[in-house]
Amino acid sequence: EAGVTQSPTHLIKTRGQQATLRCSPISGHTSVYWYQQALGLGLQFLLWYDEGEERNRGNFPPRFSGRQFPNYSSELNVNALELEDSALYLCASSFLGVTYEQYFGPGTRLTVT
Amino acid sequence: AQSVTQLGSHVSVSEGALVLLRCNYSSSVPPYLFWYVQYPNQGLQLLLKYTSAATLVKGINGFEAEFKKSETSFHLTKPSAHMSDAAEYFCAVSETIQGAQKLVFGQGTRLTINP
């Protein structure tokens with residue numbers, strides 16, 4: 001069974017540009033979560049999508065947004081990039097069941113210069 | 001809101017020695033608890049989970065964790081460390097507020113194995 005996939009692996013942008021990150025969940029999973037892992041800040045919850053709807057968002061500004069497509073894949077968009085947006089962005093998926101366990105992809109390393 | 005505290009940002013043990021990574025949580029309701037491992041330049045891999053069944057949970061790669069409600073702890077152990085265990089380990093608790101789910105992570109513990 002294929003795991004969670006993310007693309008691209010690395011992304012280099014300049015300040016002020018927009019970044020788009022993509023995630024494909026495990027087959028059968030309807031929930032997609034995005035986390036930011038910035039140096040020194042640990043893993044911070046960004047967004048949760050389920051069945052195409054945004055269900056919850058973390059304490060991030062509106063320039064962090066995303067969507068979930070009918071096939072449950074997801075896209076994270078970061079507008080007006082700032083240097084501090086440089087981080088590893090991790091996507092996770094889960095089946096909205098009892099255990100709430102999430103399975104993570106390898107991440108996209110975003111570097112803002 | 002729930003929180004997770006991992007005691008010790010860095011732990012170093014010798015190969016073959018006991019590994020003990022500490023995790024304490026705060027939760028007003030019975031929690032779901034998880035340990036994840038992150039190898040360099042990779043995503044997170046689920047090691048084990050506690051979902052209110054047996055308090056001693058066995059995971060992959062010889063790791064296990066014990067849920068102790070009285071101590072609000074979920075420490076991770078492995079009897080004999082291997083060089084391949086060198087990684088960063090994250091303890092997490094699931095939080096559900098008004099139907100919205102997310103994982104709350106501890107700050108992580110970097111495990112170094114000395115030959």
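In case you missed it, the structure is sitting above this.
Since the structure is predicted, the reported quantities are computational estimates derived from the model, not experimental observations.

About the thresholds
Residues numbered from 1 in each chain as written. Chains lettered and ligands numbered in written order. Predicted model: local features only at pLDDT ≥ 70, side-chain atom pairs only at ≥ 80, totals over all residues. Heavy atoms only, no water. Salt bridge = Lys/Arg side-chain N within 4 Å of Asp/Glu carboxyl O. Helix = DSSP H or I, 4+ residues; strand = E, 2+ residues; numbered from the N terminus. Buried < 20%, exposed > 50% of the residue type's maximum accessible area, 1.4 Å probe, protein only. Contact = heavy atoms within 4.5 Å. Polar contact = N/O pair within 3.5 Å; in protein donor to acceptor, adjacent residues only side chain to side chain. Buried area = accessible area lost by both parts, 1.4 Å probe. Nonpolar A, V, L, I, M, F, W, Y, C, P; charged D, E, K, R; others polar. Pairing = 2+ DSSP bridges. Axes fitted to C-alpha atoms, helices over the stretch in contact; angles between N-to-C directions.

Chemist: Even after reading the chapter, I still don't get the pattern of salt bridges, so can you show me in this structure?
Modeler: Think of it this way: side chains of opposite charge can pair up when their charged atoms draw near. Residues and elements named next belong to chain A. Per the stated rule, a full pass over the model turns up 10 salt bridges over all chains. The shortest N-O distance in the salt bridge between Arg63 and Glu82 comes to 3.4 Å. Of the two residues, Arg63 is situated in the loop between strand 6 (53-57) and strand 7 (64-68) and Glu82 in the loop between strand 8 (74-78) and strand 9 (87-94); the sequence distance between them amounts to 19 residues. By relative accessible area, which is 17% here, Arg63 ends up buried. A relative accessible area of 30% places Glu82 in the partly exposed class. A salt bridge links Asp85 to Arg63; the nearest nitrogen and oxygen atoms lie 2.7 Å apart. Of the two residues, Asp85 sits in the loop between strand 8 and strand 9 while Arg63 sits in the loop between strand 6 and strand 7, which places them 22 residues apart along the sequence. With respect to burial, Asp85 and Arg63 carry one shared label: buried. Each of Arg22, Arg67 and Glu75 takes part in salt bridges that share partners, so that together they form one network.

Chemist: Before we go on, may I ask you to explain the environment of Gln6(A) in this structure?
Modeler: Residues and elements named next belong to chain A. Structurally, Gln6 is set in strand 1 (residues 5-7). When its relative accessible area of 10% is taken as the criterion, Gln6 is described as buried. Separated by 19 residues in the primary sequence, Gln6 and Pro25 have C-alpha atoms spaced 8.8 Å apart. Every residue in contact with Gln6, bar those within four places of it in the chain, is listed here: Arg22, Cys23, Trp34, Tyr89, Leu90, Cys91, Gly105, Pro106, Gly107 and Thr108. From its side chain, Gln6 meets the backbone nitrogen of Cys91 in a polar contact 3.0 Å long. Side-chain polar atoms of Gln6 contact the backbone nitrogen of Gly107, separated by 2.9 Å.

Chemist: Help me understand the interface of chain A and chain B, please; the structure alone is not making it clear to me.
Modeler: A common way to state how big an interface is: give the accessible area lost once the parts meet. At the interface, 24 residues of chain A touch 21 residues of chain B. Summed over both partners, the interface of chain A with chain B buries about 1,800 Å², with 58% contributed by carbon and sulfur atoms. By the criterion of area lost to chain B, the three top residues of chain A are Leu43(A), Tyr100(A) and Phe104(A), representing 31% of everything that side buries. Our count for the chain A to chain B interface comes out at 1 salt bridge. Here Glu101(A) makes a salt bridge to Lys49(B), at a shortest N to O gap of 2.1 Å. Between the two partners, chain A and chain B, sit 4 residue pairs in polar contact (both at pLDDT 80 or more). At the level of secondary structure, the elements contributing two or more residues to the side of chain A that touches chain B comprise strand 4 (31-38), strand 5 (42-50), strand 6, strand 9 and strand 10 (103-104) of chain A. Top contributing element to the side of chain A that touches chain B by residue count: strand 5 of chain A, with 4 residues. In terms of residue class, the side of chain A that touches chain B is built from 14 nonpolar, 7 polar and 3 charged.

Chemist: Help me understand the sheet that holds strand 1 (residues 3-7) of chain B in this model?
Modeler: The strands making up a sheet associate through backbone hydrogen bonding, with each pair oriented either parallel or antiparallel. Residues and elements named next belong to chain B. Ordered in space as 1-3-8-7-6, the 5 strands form an open sheet in which the pairing is antiparallel. At either end of the open sheet lies a strand with only one pairing partner, and these are strand 1 and strand 6 (56-58). For this sheet the average axis-to-axis angle between neighbouring strands, irrespective of direction, equals 20°. As paired elements, strand 1 and strand 3 (residues 19-26) share 5 bridges and run antiparallel to each other.

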